[in-house]
Amino acid sequence: MAQTVREIMTTPAVSMPPDASVKEAAQRMRDEGIGDVLVTEGEQLKGIVTDRDIVVRGLAERDDLSNLHLSDVCSSEIVTAEPNETADEVISRMRQRSVRRIPVVEKGKPVGILSLGDAAVEKDPHSALGDISAARGNT
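Residues numbered from 1 in each chain as written. Predicted model: local features only at pLDDT ≥ 70, side-chain atom pairs only at ≥ 80, totals over all residues. Heavy atoms only, no water.

Chemist: Got a minute to help me understand the pattern of salt bridges in this structure?
Modeler: Proximity of charged atoms lets side chains of opposite charge pair with each other. Applying the stated criterion across every chain yields a total of 8 salt bridges. Its salt-bridge partner being Asp-31, residue Arg-30 comes within 2.9 Å of it at the nearest N-O pair. By relative accessible area, which is 58% here, Asp-31 ends up exposed. A salt bridge links Arg-101 to Asp-36; the nearest nitrogen and oxygen atoms lie 3.1 Å apart. A residue pair is termed long-range when its members are at least 10 positions apart, and Arg-101 in strand S4 (residues 101–106) and Asp-36 in strand S2 (residues 36–41) qualify at 65 residues. Judged by its relative accessible area of 23%, Arg-101 is partly exposed. For Asp-36, a relative accessible area of 9% translates into the label buried. (Salt bridge = Lys/Arg side-chain N within 4 Å of Asp/Glu carboxyl O. Buried < 20%, exposed > 50% of the residue type's maximum accessible area, 1.4 Å probe, protein only. Helix = DSSP H or I, 4+ residues; strand = E, 2+ residues; numbered from the N terminus.)

See below:
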């Protein structure tokens, strides 16, 4: 039987409001050992910010990051998945859309996140990406 996204996604997804500072998000990523934060208003998904977004859209474009908020650097065109979709369907969507992480949403509410690393560990654990993603301390 095909694996569902629910079986391999990371939960819970860490979320922060759009007006949270980029510094707060970076600290949260560091503390949680993750590479992304979902941007939410209430329970509504508004975007996603990755560690790469902070560098490319924040640090590379500004000298002063003290007043930079998640809404300034987040990706707002979000590719999502549902928990009951097959992992293969969502991995294919990730490939087509060139995304490394995909928020998992149920009834409009974020419930987890599926990363390329999660997929590699489950689908091809002996690949280089699977080995690296399964290593302790990997973010």
